[in-house]
Structure formats: C-alpha cells, structure tokens
Amino acid sequence: MLPARLQRLIRLFAKLPGVGDKTAQRYALYLVATDPSLASTLGAELVELRAQLGACDACGNLAELDGDRPLCAICMDSKRDPGLLCVVARVQDLLAIERSASMRGRYFVLGKLLSPLEGIGPEDLPMPKLLSRLQREPVRELIVATPPSVDGEATALFLKREIEPLGIPLSRIASGVPHGGDLEYADPVTMGRALAGRQKL
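Criteria and cut-off values
Chains are numbered independently. Their residues run from 1 in the order of the written sequence. Restriction of local features to residues with pLDDT of at least 70 applies here, the model being predicted, together with a cutoff of 80 or more for giving and counting side-chain atom pairs; totals for whole chains, interfaces and linings are based on all residues. Only hydrogens and water are removed before side-chain values are computed, so all heavy atoms of the structure are retained for them. The way it works is that DSSP assigns letters per residue, a run of H or I at least four long becomes a helix, a run of E at least two long becomes a strand, and they are numbered from the N terminus. Two things to know: the radius of gyration comes from C-alpha atoms, and the globule rule equals 2.2 Å times the number of residues to the power 0.38. Under the scheme applied here, a residue whose accessible area is under 20% of the maximum for its type counts as buried, over 50% as exposed, and between as partly exposed, the area being computed with a 1.4 Å probe on protein chains only. Only heavy atoms enter the contact rule, under which two residues are in contact if any of them lie within 4.5 Å. In this description, accessible areas are obtained by the Shrake-Rupley approach with a 1.4 Å probe, and a residue is regarded as covered only by the protein chains that are shown. In this tally Asp and Glu are treated as negative and Lys and Arg as positive; neither His nor the chain ends contributes. For this purpose, a charge sits on NZ of Lys, CZ of Arg, CG of Asp or CD of Glu. Interaxial angles span 0 to 180 degrees and are taken between N-to-C directions of axes, which are lines fitted to C-alpha atoms, for helices over the stretch in contact. Each angle gets one of four labels, with under 35 degrees taken as roughly parallel, over 145 as roughly antiparallel, 65 to 115 as roughly perpendicular, and the rest as oblique. Crossings are classed by handedness, with left-handed meaning an anticlockwise turn of the near helix from the far one by less than a right angle and right-handed meaning a clockwise turn. Nonpolar residues are Ala, Val, Leu, Ile, Met, Phe, Trp, Tyr, Cys and Pro. Charged residues are Asp, Glu, Lys and Arg, and all others, Gly as well, are polar. Helix span, as expected, comes to 1.5 Å for every residue beyond the first. By definition, the arc is the one covered by directions from the helix axis to the C-beta atoms. Put simply, a disulfide is two cysteine sulfurs that come within 2.5 Å. Any two strands are treated as partners once DSSP identifies two or more bridges connecting them. As used in this structure description, the phrase polar contact means that two N or O atoms lie within 3.5 Å; if the pair is within protein, one of them must be able to donate a hydrogen and the other to accept it, and residues adjacent in sequence are counted only when both atoms belong to side chains.

Trainee: Just checking my understanding: could you explain the overall build of the chain for this structure?
Mentor: Helix and strand counts for the chain come out as eight helices and six strands. Against the compact-globule benchmark of 17 Å for 201 residues, the chain has a radius of gyration of 21 Å, which places it well outside the compact range. C-alpha extents for the chain along the principal axes are approximately 60 × 50 × 35 Å. Looking at the chain residue by residue over its 201 residues, the buried ones come to 30%. Residue pairs in contact within the chain that sit at least 24 positions apart in sequence constitute 47% of those at least 6 positions apart. For the chain, the exposed area adds up to about 13,600 Å²; of that, 58% sits on carbon and sulfur atoms. Here the chain contributes 25 positively and 24 negatively charged side chains, and the mean placements of these two sets differ by 1 Å.

Below you can see the structure in the form of structure tokens.
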C-alpha cells in the first residue's frame with residue numbers, strides 16, 4: 001500500500017528504542033506531509049551525528065568532536081567539584097542524575113556493566129582509564145551509581161575491590177521505595193534497602 005521508500009523509512013524508525021510499527025509509520029507519514037525543510041534538516045543532522053559527536057576523552061559522556069581531546073560540557077565546567085566523582089553505567093544514567101540537580105561533581109561513564117550472561121567481564125570495563133584518572137586527580141569521594149540490578153550490584157562490588165587499595169572513600173547511591181509509590185508493590189530487596197537506609201525524622 002505504501003511506497004517502498006516510505007516502508008524502508010518506517011522500518012528504520014521502528015528500530016529505535018520505544019518506537020513500535022504504528023509510531024514509526026506516524027513519524028514517516030508526518031515527515032512526508034509536513035514542511036520539506038524538516039525532513040531535510042533532520043536528514044542532515046543524522047548524517048553529521050556520528051561524525052561530529054563522540055565520547056568525552058575524560059569521562060565518556062557525549063562531546064563534540066573538535067580538537068585532539070574532546071571534552072563534554074560537564075568536564076569543561078570549572079564550577080564543578082573535582083573532588084567528587086560519580087561512576088555511572090551509561091550516559092542515560094548521567095543525564096538522569098543531572099536532572100536531579102543534586103550532583104555538582106564530575107562523572108565517569110563505564111559504558112557497560114559486568115554481565116556473565118552477555119559475556120561482559122572485568123576486562124571489558126574501562127578500569128585502566130578510571131584508575132589512571134583517580135591517581136591523577138584529587139578525588140576525595142567516589143560515588144558508585146550503578147543500577148540496583150544483579151549486574152549493577154556485581155559491578156559495584158568489582159569497583160569497590162579495585163578502588164579500595166587507592167584509599168579513596170567509596171559510597172553507593174541509596175535505593176528504596178520511589179516517591180509516590182505504594183509499599184504493597186515494593187519487592188523484598190527494595191523494601192529491605194529502604195528500611196536499611198532510613199533517616200531520622
């Protein structure tokens with residue numbers, strides 16, 4: 001029913017996370033029906049995306065690839081506390097923490113978590129780069145902000161084992177019942193952590 005070119009575009013949109021076939025079709029039909037400059041601009045930005053964006057040389061966040069040592073906006077921000085380093089699994093996790101506006105330090109993005117089922121072992125994590133950074137910079141606290149999953153916990157324990165010999169204090173983000181959540185739906189691990197991390201009222 002639809003032209004082959006449009007069907008190819010729909011299939012490409014459907015490969016994006018969270019985009020199903022109907023949403024992909026809606027996107028494609030919108031681009032065909034709307035001002036042609038939108039499709040042209042979108043196409044040009046997509047072509048340039050991988051050529052102009054890459055990993056920050058210091059932390060692994062996204063950065064503009066200009067110069068020999070690309071740095072992200074966070075690493076270039078002189079108002080950030082260099083003594084506070086937060087280790088996250090993915091850029092998405094970094095962005096979630098930034099939205100909270102409660103972390104004024106710097107970050108280090110691992111890019112992945114330990115996962116024996118997926119064949120990801122300690123040698124696949126960028127530990128040499130992290131350890132080199134910790135020895136070079138005046139970090140007084142390292143916050144481990146991996147997710148509260150089996151892989152996240154395994155990675156947190158591995159980080160603790162590797163970093164403890166450096167004498168840098170480590171902390172782990174708390175986990176518990178989400179704001180607005182009902183206690184009856186909390187799993188036992190989450191409830192246990194919520195009770196263990198209770199604060200004086």
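Trainee: Would you mind going over the packing of helix H1 (residues 4-14) against helix H2 (residues 21-33) with me for this structure?
Mentor: What describes two packed helices is the angle between their axes and the distance between those same axes. In contact at an axis separation of 8 Å, H1 and H2 are set at 130° when each is read in the N-to-C sense. Judged on the interaxial angle alone, H2 and H1 are oblique. In the packing of H1 onto H2, the handedness of the crossing is right-handed. Only Asp21, Ala24, Gln25, Tyr27, Ala28, Leu29, Leu31 and Val32 of H2 make contact with H1, whose side of the interface consists of Leu6, Leu9, Ile10, Phe13 and Ala14. Classifying every residue of the contact of H1 with H2 gives eleven nonpolar, one polar and one charged.

Trainee: Please explain H2 as it appears in this structure.
Mentor: Since one α-helical turn is 3.6 residues long, residues separated by three or four positions face the same way. For H2, spanning 13 residues, the distance from its first C-alpha to its last is 18 Å, which sits close to the expected 18 Å at 1.5 Å a residue. For H2, the set of buried residues is Thr23, Ala24, Ala28 and Leu31. Seen end-on, H2 carries its buried residues on one side only, within an arc spanning 135°. In H2, those exposed residues whose orientation departs by more than 90 degrees from the buried face are Lys22, Arg26, Tyr30, Val32 and Ala33. Against H1 and helix H3 (36-52) lie the buried residues of H2.

Trainee: In this structure, what is going on with the state of the cysteines? I would like to understand it.
Mentor: Defined simply, a disulfide is a covalent bond joining two cysteines at their sulfur atoms. Here the structure, examined in full by the defined rule, presents zero disulfides. With no disulfide of its own, Cys56 has Cys75 as its nearest cysteine by sulfur position, at a separation of 3.7 Å.

Trainee: Whenever I open this one, unusual backbone geometry confuses me. Can you help?
Mentor: Excluding glycine, a negative phi dihedral is what most residues carry, and trans is how most peptide bonds are arranged. One non-glycine residue, Ala101, adopts positive backbone phi at about 55°. Within the fold, Ala101 resides in the loop between helix H5 (91-100) and strand E4 (106-109). Note on Ala101: relative accessible area 62%, which makes it exposed.

Trainee: How do you make sense of the environment of Met127 when you look at a structure like this?
Mentor: Relative to the assigned elements, Met127 resides in helix H6 (residues 127-136). When the C-alpha positions of Met127 and Leu110 are compared, they lie 8.3 Å apart, and in sequence the two are 17 residues distant. Discounting residues that sit within four places of it in the chain, Met127 has contacts with Phe158, Leu159 and Glu162.

Trainee: Can you walk me through the sheet that holds strand E5 (residues 141-144) in this structure?
Mentor: Two orientations exist for strands paired in a sheet by backbone hydrogen bonds: parallel and antiparallel. If you trace the four strands from one edge of the open sheet to the other, you get E4-E3-E5-E6, paired in parallel fashion. What marks the edges here is a single partner per strand, and that holds for E4 and strand E6 (170-172). Each neighbouring strand pair of the sheet contributes to a mean axis angle of 25°, computed without reference to strand direction. Of the strand pairs in this sheet, E5 and E6 are connected by three bridges, and their pairing is parallel. The partner of Leu142 across the bridge, within E6, is Leu170. Against the sheet, H5 makes contact with strand E3 (84-88) and E4, and its axis sits at roughly 160° relative to E4, the strand it touches most. Packed onto the sheet, H6 meets E3, E4 and E5 and runs at close to 155° relative to E4.

Trainee: Looking at this model, I keep getting lost on the side chain of Arg133. Mind explaining?
Mentor: Checked against the element boundaries, Arg133 lands in helix H6. Here the side chain of Arg133 touches Ala58 through a polar contact of 3.1 Å, landing on its backbone oxygen. Apart from the residues lying within four places of it in its own chain, the contact partners of Arg133 are Ala58, Cys59, Leu85, Arg106, Tyr107 and Phe108.

By themselves, these are just geometric observations and shouldn't be taken as functional.
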